[in-house]
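Each chain, letter by letter, is given below.
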Amino acid sequence: VSLTVFPLLFGLIIAFSDWNLSSVQGRTFNGIDNLVQMWGDPFYWNALLNMVWYTIAILVEYAIAFGLALMLNAQIRARKFFRVAFLLPLMLSPVAVSWMIGKSMLEPRFGPVARALRGLGVEEVSFFGSPWVAKATIMLLDAWTFIPFMMIMLLAGLQAIPKELTEAARVDGARGWRAFWEVTFPLMLPVSITAILIRIIFKLKLADIVITLTAGGPGGATDTVTSFIFREYRDRSNVGYGTLLAMVYLVLIVVFMTLLMKLAARYTAPRT
Amino acid sequence: MTQIFHDSDEDRRHRARWWTSRIAIYGALVLWAVICLFPIYWTITTAFKLAPDVMQGRLVPFVDFTPKWKGFEALGLSPSTIGTESTPRAEFLKRFFNSAVISVSASALAVALGSLAAYGLSRFTYRFGWMKNDDISFFFLSQLILPPVVLALPFLVLYKELALLDSRIGLILLYALTVLPIVIWIMKDQFASIPTELEEAAQVDGLSVWGAFLTIILPIALPGMVAAFILSLVLTWNEYFFAALLTSTHANTLPVMVASQTGSQGIAWWSMAALSFAAILPLIVVGVLLERYIIKGMAAGAVK
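Reference entry: report on the structure contained in this document. Everything numeric here is computed off the predicted structure, so don't read it as measured data.

## Regarding the overall build of chain A
When you go through chain A residue by residue, the secondary structure sums to 12 helices and two strands. Its helices and strands in sequence order give chain A the pattern α-β-β-α-α-α-α-α-α-α-α-α-α-α, from N to C terminus. Long-range contacts, defined here as pairs at least 24 residues apart, represent 69% of the contacts in chain A between residues at least 6 apart. On chain A, roughly 12800 Å² of surface is accessible, and the fraction owed to carbon and sulfur atoms is 68%.

## So, the overall build of chain B
Across its full length, chain B holds 12 helices and zero strands. Classification of the 304 residues of chain B by burial places 50% in the buried group. In chain B, once contacts between residues fewer than 6 apart in sequence are set aside, the share between residues at least 24 apart is 67%. Carbon and sulfur atoms make up 68% of the accessible area of chain B, which totals about 15000 Å².

## With respect to the interface of chain A and chain B
Tallying the contact residues gives 76 residues for chain A and 69 residues for chain B. Here chain A meets chain B over a buried area of about 6700 Å², counting both sides, of which 83% is carbon and sulfur. Among the residues chain A hides against chain B, the three largest losses belong to A:M91, A:W99 and A:F110. Together they make up 11% of the total. Our count for the contact surface shared by chain A and chain B stands at two salt bridges. Salt-bridge contacts for B:E291 lead to A:R83; the nearest nitrogen and oxygen are separated by 2.6 Å. The interface formed by chain A and chain B holds six residue pairs in polar contact (both at pLDDT 80 or more) in total.

## As for the packing of aromatic side chains
In the structure shown here, the tally under the stated rule is 13 aromatic pairs over all chains. Consider the rings of A:Y62 and A:F66, whose centres lie 5.7 Å apart with planes at 85°: the pair is edge-to-face. In this pair, A:Y62 and A:F66 are both assigned in helix α3 (residues 42-73), four residues apart and thus about one turn of the helix distant. With respect to class, A:Y62 is no different from A:F66; both count as buried. A network of ring pairs unites the aromatic residues A:F230, B:Y240, B:F241 and B:F242 as a single cluster. The ring of B:Y293 has B:R292 lying over it, and the distance from NZ or CZ to the ring centre is 5.0 Å.

## Let's talk about the nonpolar core
Residues A:F86, A:Y249 and B:F191 are the most contacted members of the largest nonpolar core, which totals 168 residues. Setting aside chain neighbours within four positions, we find A:F86 in contact with A:L68, A:L72, A:P148, A:M151, B:L29, B:W32, B:A33 and B:C36.

## Considering the environment of A:Y62
Residues and elements named next belong to chain A. Judged by relative accessible area, Y62 falls into the buried class, the value being 11%. Taking the C-alpha atoms as reference points, Y62 and L252, 190 residues apart in sequence, are found 24 Å from one another. Y62 has contacts with M150, L154, F185, S192 and I196, leaving out every residue within four places of it along the chain.

Cut-offs and rules
- Residues numbered from 1 in each chain as written.
- Chains lettered and ligands numbered in written order.
- Predicted model: local features only at pLDDT ≥ 70, side-chain atom pairs only at ≥ 80, totals over all residues.
- Heavy atoms only, no water.
- Helix = DSSP H or I, 4+ residues; strand = E, 2+ residues; numbered from the N terminus.
- Contact = heavy atoms within 4.5 Å.
- Areas by Shrake-Rupley, 256 points an atom, 1.4 Å probe, with all protein chains shown as cover.
- Buried < 20%, exposed > 50% of the residue type's maximum accessible area, 1.4 Å probe, protein only.
- Buried area = accessible area lost by both parts, 1.4 Å probe.
- Salt bridge = Lys/Arg side-chain N within 4 Å of Asp/Glu carboxyl O.
- Polar contact = N/O pair within 3.5 Å; in protein donor to acceptor, adjacent residues only side chain to side chain.
- Phe/Tyr/Trp six-rings, centres within 6.5 Å; stacked < 30°, edge-to-face > 60°.
- Lys NZ or Arg CZ within 6 Å of the ring centre and 35° of its normal.
- Core = buried A, V, L, I, M, F, W, Y, C linked by side-chain atoms within 4.5 Å.

Now the structure itself:
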């Protein structure tokens, strides 16, 4: 416990100091100067805005994960094979993934994806050239890694639904889509919300693939808060300012998550 | 001979629908399996390619191109170089060894501490100031939200003071700390599923609290501990952020090595592929062999 509380307090002190590791005078207290600097830093705001986009992308991931979980829960052969195959992306190191997919498969000249796209008639292939395409690519990569995570949680939820309920619905004449929307989906709501909340927590920490693939580019389009601060530390040694940004981010996250959990509690409360 | 039973039109339509839905499901499943597995396949095969194979996009080994050990040669791990002295190999093995030591010991530490904490929280009542059991466990869980950036710098300074910077111990402690919430979460769920009567019976038979915990409860909770251990292993093996900030030459882990080579290798795909392959291989093995436990561990929190 003290291991987390102490660094937080210490970080608070650093956050309000002007401290650049490469400067000679060391740490000096400079009050709210860092806050003022943050206010006028377009890149930080841009990174925050990116986080909003990245978070929204979770809804798409959720839809795909739900579909996969439903299929895995259906009567299929080779279920074990599919389950292992679907799980594997989660096991791989994001840094290795960013090379495997980001640098080699998506390479614009020789990568297999670019080749396939050229075969389909798309001439100008570039995955990190324009801001929105780059953002979408990062989202896809991250989705690739984390869809299995949501899928497994949803699958566990599906398996916990008592068989009698779905059978009763069938007897009552609910089939296909109607059975799904009126029976399965409401029952899955609590699990879904838990899965999405946890996924958001992970998403807010997204950094590895951005650091290794784009370093935030082009023009900050793919930057996450974490990767931005990482560069502030490592490349610019701007310790005081970076820490303030991290603290502000922490406050924002705590506020956001608290609101979200309050909202979620309304839907996950046991209905009897 | 005349046919006695006919499929009515109604049945036939039904069966056609059944078939199309089957085909759609398997089609989607196979498609997604390809999406999941192709990058892995691509990396493994690329590790055995030469420059022309890469540039012409050859896919299938032995048919399209002849596998070569070039990629592993760069790491000093190919059959022709395995006997000779090699700096890249020493470097690689050091990183690999660092990663293995750090992730295994951090996970073991986290599981040991986390199990004790979770057991305490699920069996005894505590008061810590205004905090009761539920508040304490929520406090632990809430640390999941803490983004690593917030901890990074304070730890950088703290470790500098304690001379833990760029040391394995430092990373082990930090990693154990970061996975602890998840371990506690899984283990609490696990202990909650074990009836308290078991320990009561054991204590009636003359065992102490610790004795009951060690001899009766732990063996039952073992699957949960394995699940927690594997999840921690996955997370710590793959961790990049802290490793990149807090280590330089001595305690570097494999992901840091992969990341630092990503930019510099250019089109030398074969060696990058070999390196990535080595970095993901242990976890692929773990994933295939112990998939059951991983799913169990992640499902633990979901259904509540």
